Every structure is written in C-alpha cells, then in structure tokens.
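Residues per chain are reported as follows:
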Amino acid sequence: GSDYRPVSTYSIVARDPATGQLGVAVQSHWFCVGPIVPWAEAGVGAIATQSLVKIDYGPDGLTRLKAGESPLDALGNMLLADSGREVRQVAIVDAQGRVAAHTGAKCIAYASHITGESFSVQANLMADSTVPRAMADAYRKNAAIPFAERMLAALRAAEGEKGDIRGKQSAAILIVAAKATGRPWEDRVMDLRVEDSPDPIKELKRLVRVH
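On a predicted model such as this, the values are computed, not experimentally measured, just so you know. (Residues numbered from 1 in each chain as written. Predicted model: local features only at pLDDT ≥ 70, side-chain atom pairs only at ≥ 80, totals over all residues. Heavy atoms only, no water.)

(A) Inspection of the side chain of Gln169 at higher detail. Assignment of secondary structure puts Gln169 in the loop between helix 4 (147–160) and strand 10 (170–176). According to the relative accessible area criterion, Gln169 is buried, its value standing at 19%. A distance of 3.0 Å separates the side chain of Gln169 from the side chain of Asp196, its partner in a polar contact. (Helix = DSSP H or I, 4+ residues; strand = E, 2+ residues; numbered from the N terminus. Buried < 20%, exposed > 50% of the residue type's maximum accessible area, 1.4 Å probe, protein only. Polar contact = N/O pair within 3.5 Å; in protein donor to acceptor, adjacent residues only side chain to side chain.)

Below you can see the structure in the form of structure tokens.
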C-alpha cells in the first residue's frame, strides 16, 4: 500500500484571512497526487499528509477537528497511535487558523516544515533545505492576490529552489468554504488536479484562471 512509497512532495495548508476559506495546494513527483495528499472540509480544516503517506491522517484528522480537538491535539493523538510516525509528514490548519505540523525524524532529507500565521508549508525529498523558507516567504509577501494564486505562488517558490530532487509530475489544489452549508458540492470552492505534466504548477495556474 501507500505506506511504503516515498513520495517527494511539497505542500501548503492555509486559512485565507480575507474569506475564511481553507485550502491545500501540493506538487509532487508522483502521478496523480490529488487523491492522496490534500484533505479539507468546509468550516472544519485542511490537512496535507505526505512523505510515506498514511492517508488516514486526512479523514481522521478532519473527524477529530470536527469533534472539537485542536490541530495540535488531533495531530498528537494520531501520531501517538502510528508506529510509522517517524516517516510521516503532516500539516493541519483549522477554521480558526490554528496550525500544527509534524516532520518525522526519518523523512528523507531534506525534509522540514515552517508554520506561520494561519498556514504551514512542508516539503520532503528536496534538493535543497531552503525550500520551506522560500515557500513561507512567497506566501507572506503575496497577501494581496487571490487565495488560490497565493498558495500556488508558494509552490512556485519551492520550484525556484530546485524543489523536488526527482523532478515534477502532478499538482493539486483544494479549497473549501469558511462555513459548511450542508451541501458539500457547494462548499467545495475549488478542486483542481493536474495528474501528469512537465510543468504541473503552470498548468494548475491556467486551470485556476479558467475556473
């Protein structure tokens, strides 16, 4: 299963201070990354689960946030129950903008994360240890542009630092509403994926503009 595949990836989870929307954007050298890494639910939170992926962190994390756990508690409780925690990389932001992230000690270098005001950026299997810093800086300095494009700017900045050591293949962006309406299809503001492309972020940006 997916527990044993190293997926070199970088991502951002964030809450948009302007709209309260919650989002995840990710780029990976892995075919079709969209169904694996990004998880989000309107009014609840957004989660990225990567490195040696354990998909459960997505749905379980959202369930825990919904039940009232903070991102820190939810992440802590899930890690405690996971014997493979040292190869996981997980980040969570909730509807209040609270953030928690974990990079396991055995994630393949370079691997790290940076948490900021209502966002977290994380990367693994990078050519250069400067990637998360570049992503965080890009996200911070692009505060004036629309949320989707702001998250993509963070991904693009990772690429500027040479990004993923095995190149690039797929990307995805998932954004949900600040509050749930009870109609999940309306709560999903944006759900776009590029499964296989030589420049997935450029293609994703084009789709975002079309959207």
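Having seen it, we continue.
(B) Focus on the confidence of the model for the chain. Taken over all residues, the pLDDT of the chain has a mean of 89, while the share at 70 or more is 90%. The secondary structure element of the chain with the lowest average pLDDT is strand 1 (residues 6–7), at 55, and the one with the highest is helix 2 (residues 71–80), at 98. (pLDDT = per-residue confidence, 0-100.)

(C) Structural detail: the packing of helix 3 (residues 131–141) against helix 4. Put simply, helix 3 and helix 4 touch, their axes get as near as 7 Å, and they point 150 degrees apart. Between helix 3 and helix 4, the crossing angle belongs to the class labelled roughly antiparallel. The two elements helix 3 and helix 4 cross, and the hand of that crossing is right-handed. Taking contact as the criterion, the partners of Val131, Ala134, Met135, Ala138, Tyr139 and Arg140 in helix 3 are, on helix 4, Phe147, Arg150, Met151, Ala153, Ala154, Leu155, Ala157 and Ala158. For the contact of helix 3 with helix 4, the residue count by class is 12 nonpolar, no polar and two charged. (Axes fitted to C-alpha atoms, helices over the stretch in contact; angles between N-to-C directions. Parallel < 35°, antiparallel > 145°, perpendicular 65-115°, else oblique. Left-handed = near helix turned anticlockwise from the far one by under 90°. Contact = heavy atoms within 4.5 Å. Nonpolar A, V, L, I, M, F, W, Y, C, P; charged D, E, K, R; others polar.)

(D) Geometry of the sheet that holds strand 8 (residues 112–116). Strand order in this open sheet of six strands is 8-9-2-3-10-11, and the pairing throughout is antiparallel. Whereas interior strands pair on both sides, the edge strands pair on one side only; in this sheet they are strand 8 and strand 11 (188–194). Mean inter-strand twist for the sheet, computed between neighbouring axes without regard to direction, equals 5 degrees. As defined by bridge partners, strand 2 (residues 9–15) adjoins strand 3 (residues 22–28) across seven bridges and the pair is classed as antiparallel. In the sheet register, Val13 faces strand 3, and the bridge partner there is Val24. Against the sheet, helix 3 engages strand 2, strand 8 and strand 9 (119–123), with an angle of about 150 degrees to strand 9. (Pairing = 2+ DSSP bridges.)

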